[in-house]
There are 2 protein chains.
Amino acid sequence: LYFLSDPELMDSIPQAYLSHKEKYEQAVRKACWLFKKVTLLRDKGGDLEIFRQTLSGMLGSAILKDGNPLTLHYVMFLPTIVGQGTVEQQAEWMGRAWNCDIIGTYAQTELGHGTFIRGLETTAHYDSKAQEFVLNSPTLTSYKWWPGGLGQTANYAIVVAQLHTKGVCHGIHPFIVQLRDEETHKPLSGIKIGEIGTKLGMNATNNGYLGFDNVRIPREHMLMKNAQVLEDGTYVKSPSDKLTYGTMMFVRVILLHDMAGYLSKATTIAIRYSAVRRQSEMKPGEPEPQIMDYMTQQYKLFPNLATCFALRFNANWLWNMYNSVTAELEEGDLDRLPELHALSCCLKAVCTADAAHGVEILRLACGGHGYMTSSSLPSIYGLVTAASTYEGENTVMLLQTARYLVKAWQQAVGGMVLTPTVAYLKDALTQSNTPRHWENSLPCIIKAFQQVAAGKIKMCSENMDRRIQGGFSPEDAWNMTSIELAQCAEAHARAIIIDKFAESVAELTVSAVLKTVLTQLCELYGVYWLLQRAGDFLMYSHVSARDITGLQQWMEQLLSQIRPNAVGIVDGFDICDEILSSALGSYDGRVYERLFEEAAKSPLNKEPVNISFQKYLKPFLKSNL
Amino acid sequence: LYFLSDPELMDSIPQAYLSHKEKYEQAVRKACWLFKKVTLLRDKGGDLEIFRQTLSGMLGSAILKDGNPLTLHYVMFLPTIVGQGTVEQQAEWMGRAWNCDIIGTYAQTELGHGTFIRGLETTAHYDSKAQEFVLNSPTLTSYKWWPGGLGQTANYAIVVAQLHTKGVCHGIHPFIVQLRDEETHKPLSGIKIGEIGTKLGMNATNNGYLGFDNVRIPREHMLMKNAQVLEDGTYVKSPSDKLTYGTMMFVRVILLHDMAGYLSKATTIAIRYSAVRRQSEMKPGEPEPQIMDYMTQQYKLFPNLATCFALRFNANWLWNMYNSVTAELEEGDLDRLPELHALSCCLKAVCTADAAHGVEILRLACGGHGYMTSSSLPSIYGLVTAASTYEGENTVMLLQTARYLVKAWQQAVGGMVLTPTVAYLKDALTQSNTPRHWENSLPCIIKAFQQVAAGKIKMCSENMDRRIQGGFSPEDAWNMTSIELAQCAEAHARAIIIDKFAESVAELTVSAVLKTVLTQLCELYGVYWLLQRAGDFLMYSHVSARDITGLQQWMEQLLSQIRPNAVGIVDGFDICDEILSSALGSYDGRVYERLFEEAAKSPLNKEPVNISFQKYLKPFLKSNL
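Residues numbered from 1 in each chain as written. Chains lettered and ligands numbered in written order. Predicted model: local features only at pLDDT ≥ 70, side-chain atom pairs only at ≥ 80, totals over all residues. Heavy atoms only, no water.

**Student:** Residue-level account of the sheet that holds strand β4 (residues 144-145) of chain B, with values.
**Tutor:** All names here are of chain B. Overall, antiparallel pairing links the three strands, which are arranged β4-β8-β7 in an open sheet. On the outer flanks of this sheet lie β4 and β7 (191-195), each paired with one strand and no other. Relative to strand β8 (residues 208-212), β7 runs antiparallel, the two sharing five bridges. Considered in β8, the bridge of Ile-193 is made with Leu-210. (Pairing = 2+ DSSP bridges. Helix = DSSP H or I, 4+ residues; strand = E, 2+ residues; numbered from the N terminus.)

Here you go:
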């Protein structure tokens, strides 16, 4: 509340009413004020957690609802210098960056290439005479496109470019490039820069484009912690090319936390609104029931409530795994890196997709009012749906995991030891021998999810083999099987998510009542997805058609059991009204009053007759007399 | 092009960059100009089709991308006077309305009630002494909320209110109410009016709110074609309360056409972009393939291409049925009204949901660039997703159809004659006797869809009966079964859609080549949805687990077969660049050039240094030195 009650950080006119340019100017104003406050706190000895909250957590998105043009300075520019700069480079740049003498961004994605980073086209040619790199954008598609803060805000950037030295291309490497004059902020010579225009959401992030026309930077501006270019142009390779994976995985782990947060906001809004909104007659003559009493509404709300916990527990679990794997990395042990990578890919894809789909279901569950900006649901969707694309496009992510799974299957068939998260494949090899058994229980459900994942991996491997034997190249066979491969990575992710959800709930030391509620939510998550994918379970697991009928009834029971606790659970998320910032979701339930209060803020409502009446409408009406 | 090339109707600055107020003012300017041109055309003897195109078709949404504040005048105000006014009332109002001496809107939905119109709270009390109605908004939730053009544009409205006369409430009726002075445009006394604020999309429609404080209107302002209030306050009932269904069904039929149009736009954009965009390496050393060559991409694109045709053919079929049923209505034959109503409900729900989901899949298939306003995909989504809520919330619509289906099932069990679109229920009663048979063919698929729909209707009816016999009231049993009931209405809709799709293609007199392509698309639609709902087909149809494997392969084959024709098919939609208005989807494929051209239009790019640098950023940077 130190931030949320600061008048400088509140909007007199909600930003949705402003022009694009005004939105940006207000965002710069607020971002500067915010980080000044944060810096003051830090200097008073506050911990760095406040930076994390401001940048990626709920707090930041509450104050700068439509994005923050300074985010990448903290989230990408600073960490890249730390992670990829030499000690000397850190000494040179960190002080200035940390004190915000300069503002940086991270320019990797280009107009023509995103997820496939090997395809980037920006070039950095080493000129050994001048001991400088010469940066160029040889094609239109090689222009940097998307980096946040790049348009009008940053004066420096980490630029990822193809390194050429002594006539050889050594692949992509990071360089520090000054973009604008530190005093006048004018773009430097050879720098073509601007913003990319309006988007579905995040319109204050100032995403920009950037082109180079023979821009020269000193040799020392290449970040050389890993690979190096010596004065004479000799290229020294990085000791391991896997070390750069770290940052990517780190960002994906953080992403899961963000998704859990956004979905929790949307769930809180929709559940509270469903307790206030009354509609229709369930029984003739009786008062209109709360819409949450309709089972079709519960079916929209509660599986998403369960997903909030599924995301949160899995984000925590992956975070712990990430930390232990990076600790092993420091000691030179790379063994678990591929497993972590495979997990981070499929969980990124499934969790971002589920969160986005969930937010839309919740928005639609609020009817017309969910379509209003003042519900906050449209802007939450704008933030969440972007995550399906950035940090690795979801389908590409799933196929990366699939590659790992197909290998793991070959290892399983070959009798080799499997890493923990794919150990279930062992069971699948002997599955046909175990007797069929089903009861409505979490262990049975988890087992069935693993059977489905294993069955699909097996089937994909067989389809690949069949196609290769039929004369197709391995690459063609892969492409032809890729729809099923992506689905098998999703099945693997679901098996992980439900397993870790159940495990986390079991390990919690909380009251018996709370544990019961969390177990119901975990069961609901499992049954819901089992029924969503009933075909898979009928084909690949022990579940029979009769079991499906029983599972449907179990799901309906779970919805009824969760109903009385639903409002209490979202209250437990403890998201304050200032952060929710939703007319539909406030704690006091004053939905209709707040919708009016928000409408009153529209500049169109400040005057009884808009100027367009005199200018356009009246002449039009009278012209027909 | 008469309209599209008119400089008055083009934006110098794309509207996405304007403030909310400017968007509205520009929309009024363009709407007035547009309808002036249309009126001139009409006076020159042009046909009325041009009105339809301007109002709901592609043309209108190309010129007024974010909605049109005058739409409801033509689409609802005028037709309601025609449909519900007496001959005298038509004589009094139609001339002035048709000539745009007055601008009207249609105010039905309130803050507290939408789809459930019986719950509306606005009151119209008849005062027989003054021979006037007195309109009031007794509660906050009784305020009208949502009507387009209501905020600052219209000076008249049809207001739907609960009619009270002689102390008795007779339910909702329509009244003509003047809102603003015709000369000054100031709100009249007792009228509380304004706009409701920004939304996910359609921000230029000027959706408004409206409250009444003892507003008096003459008795003659109640539209009395059906029910009447006599001078002394005597209420004369309408001869049939089913007559008001007509308009609702008409709007839903039109909606299907709109959905087909919007989805065709999105599909054109995504398919053309997928032919231009190249990414990654399929085989080492080979050039980057068009992303449309990836099967996972085809899987996102082509089912939606098939859906474009499914929507179009079904919209045409429903339109014909609507016309023949209304023709029968004129002759007093109401027999087919319930069937038409049930169809319009479930098709509305399924088609709007499919279109919205499809647009999102297509947007995501365009990666980051699909997130940009200049792709046009975000605004198409904004228009399409709204249709899941307006004109009857989708879940409510599905449950209305379900009620019809449960009745039909009882008729089938009772051996009664069934209406044509549910005649397949007959087969289900004898289904267990027919031998299992499957081949990959359209007739088999259609049959299977019908088996699933019938099986689900049967199962729902049995679950209802079981619950009623278990002591629950019919209403509670209905609510407890409603998740499955909604799904069974969806299954019915799919059975209809695939059947009418196949039937329409078979009846077309086109070249053999085109017929083959359309048949492939129809098959793809069927196989795709069968696999999406594989669990249902394994449980309720003749499809076996082995068949599923074969169907998956068939689908993959179909995708490959459609691939070479995909661009040609969307070119055949013949949506000109001005209407598509997408940097990604233009006919010439200049994707990257257009993205730049659109970015250049951003006001932020008009000056090298934004004012926020001097005002906020520079002091922030320097403060830390």
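**Student:** Pulling in residues and values, what's your account of the sheet that holds strand β8 (residues 208-212) of chain A?
**Tutor:** Residue and element names in this part refer to chain A. The sheet built from three strands is open, its strands ordered β4-β8-β7 with antiparallel pairing. Pairing within the sheet leaves two strands with one partner each, and these edge strands are β4 (144-145) and β7 (191-195). The sheet contact formed by β4 and β8 spans two bridges and is antiparallel. Of the residues in β8, the one forming a bridge with Trp-145 is Tyr-209.

**Student:** Describe in detail the pairing of strand β2 (residues 123-127) of chain B, supporting the description with residues and values.
**Tutor:** A regular strand places its side chains on the two faces of the sheet in alternate fashion. Residues and elements named next belong to chain B. Bridge count for β2 against strand β3 (residues 132-136) is five bridges, and the pairing is antiparallel. By the bridge assignment, Asp-127 is partnered in β3 with Glu-132. Here β2 folds back onto β3, and the loop between the two strands holds four residues, one of which, Gln-131, carries a positive phi near 50°.

**Student:** So what's going on with the UniProt feature "binding site: FAD" (unreviewed entry) in chain A? Residues and values would help.
**Tutor:** All names here are of chain A. Within this numbering scheme, the UniProt entry marks Thr-109 and Gly-148 as carrying the feature "binding site: FAD" (unreviewed entry). Taken together, the annotated residues stretch across 40 residues yet fold into one region, lying no more than 10.8 Å apart by C-alpha. Tracing the backbone through its elements, the reader meets Thr-109 in the loop between β1 (104-107) and β2 (123-127). Those residues in contact with Thr-109 that lie beyond four places of it in its chain are Gly-114, Tyr-143, Lys-144, Trp-145, Trp-146 and Pro-147. Note that Gly-148 resides in the loop between β4 and β5 (156-165). (UniProt positions renumbered as here; feature names shortened; annotations may be inferred. Contact = heavy atoms within 4.5 Å.)

**Student:** Would you mind going over the relation of the copies chain A and chain B in detail, with residue names and values included?
**Tutor:** Each of the two chain copies goes to the other by way of a rotation about an axis and a shift along it. Each copy of the sequence occupies a distinct position, and chain A is placed on chain B by a rotation of 180° and an axial shift of 0.0 Å, giving an RMSD of 0.0 Å. Here the symmetry operator amounts to a two-fold rotation axis. An overlap of 99% is found between the interface residues of chain A and their copies at the interface of chain B, pointing to a shared contact surface. (Least-squares fit on C-alpha atoms with pLDDT ≥ 70 in both.)

**Student:** Let's hear about the environment of Ile575(A): which residues, and what values?
**Tutor:** All names here are of chain A. Mapped onto the elements of the fold, Ile-575 is located in the loop between α18 (566-573) and α19 (577-580). Along the chain, Ile-575 and Ser-264 lie 311 residues apart, while their C-alpha atoms are 8.6 Å from each other. When residues no more than four places from it in sequence are discounted, the contact partners of Ile-575 are Met-58, Ser-264, Lys-265, Thr-268, Arg-272 and Leu-580.

**Student:** Can you lay out the interface of chain A and chain B for me, pointing to particular residues and giving the numbers?
**Tutor:** Every contact between the two is made by 138 residues of chain A and, on the other side, 137 residues of chain B. Buried area between chain A and chain B, both sides added, is near 11600 Å², and the carbon and sulfur share of it is 62%. On inspection of chain A and its partner chain B, the count reaches 14 salt bridges. We note a salt bridge from Glu607(A) to Lys21(B), for which the minimum N-O separation is 3.1 Å. The interface formed by chain A and chain B contains 62 residue pairs in polar contact (both at pLDDT 80 or more). With 11 residues, the top contributor of residues to the side of chain A that touches chain B is helix α1 (residues 20-43) of chain A. (Buried area = accessible area lost by both parts, 1.4 Å probe. Salt bridge = Lys/Arg side-chain N within 4 Å of Asp/Glu carboxyl O. Polar contact = N/O pair within 3.5 Å; in protein donor to acceptor, adjacent residues only side chain to side chain.)

**Student:** I'd love a proper account of the packing of aromatic side chains, names of residues and values included.
**Tutor:** Per the counting criterion, the structure on display carries 41 aromatic pairs over all chains. Ring centres of Phe313(A) and Phe501(A) lie 5.7 Å apart, and the angle between their planes is 35°; on these two criteria the pair is classed as tilted. Pair noted here: Phe313(A) is in helix α7 (residues 295-330) and Phe501(A) is in helix α14 (residues 482-507), with a separation of 188 residues, a long-range link. The same class applies to Phe313(A) and to Phe501(A), which are both buried. With 4.9 Å between their ring centres and 85° between their planes, Phe596(A) and Tyr143(B) make a pair best called edge-to-face. One end of the pair, Phe596(A), is in helix α20 (residues 591-600); the other, Tyr143(B), is in the loop between β3 and β4, on a second chain. Through a chain of ring-to-ring contacts, three or more aromatic side chains come together here, namely Phe309(A), Phe313(A), Phe501(A), Tyr525(A) and Phe573(A). (Phe/Tyr/Trp six-rings, centres within 6.5 Å; stacked < 30°, edge-to-face > 60°. Buried < 20%, exposed > 50% of the residue type's maximum accessible area, 1.4 Å probe, protein only.)

**Student:** Could you give me a rundown of the side chain of Ser274(A), with the residues and numbers involved?
**Tutor:** Residue and element names in this part refer to chain A. Within the secondary structure layout, Ser-274 lies in helix α6 (residues 245-276). Among the polar contacts listed, one links the side chain of Ser-274 to the side chain of Gln-297, at a separation of 3.0 Å. With residues near it in sequence (within four places) discarded, Ser-274 still touches Gln-290, Ile-291, Met-292, Gln-297 and Leu-301.

**Student:** Please provide a residue-by-residue account of the UniProt feature "domain: Acyl-CoA oxidase C-terminal" (unreviewed entry) in chain A, values included.
**Tutor:** The feature "domain: Acyl-CoA oxidase C-terminal" (unreviewed entry), as given by UniProt, occupies residues 443-622 of chain A in the numbering adopted here. Secondary structure content for residues 443-622 of chain A is 78% helix and 0% strand, and the end C-alpha separation is 75 Å.

**Student:** I'd like a description of the packing of α14(A) against helix α15 (residues 512-532) of chain A, backed by residues and values.
**Tutor:** Residues and elements named next belong to chain A. Taken N-terminus to C-terminus, the directions of α14 and α15 make an angle of 170°; their axes are 10 Å apart at the nearest point. Here α15 runs roughly antiparallel to α14, going by the angle between their axes. When α14 is examined against α15, the residues Arg-494, Ile-497, Ile-498, Phe-501, Ala-502, Val-505 and Ala-506 are found in contact with a partner set consisting of Lys-515, Leu-518, Thr-519, Leu-521, Cys-522, Tyr-525, Gly-526 and Trp-529. Residue composition of the contact of α14 with α15, by class: 11 nonpolar, two polar and two charged. (Axes fitted to C-alpha atoms, helices over the stretch in contact; angles between N-to-C directions. Parallel < 35°, antiparallel > 145°, perpendicular 65-115°, else oblique. Nonpolar A, V, L, I, M, F, W, Y, C, P; charged D, E, K, R; others polar.)

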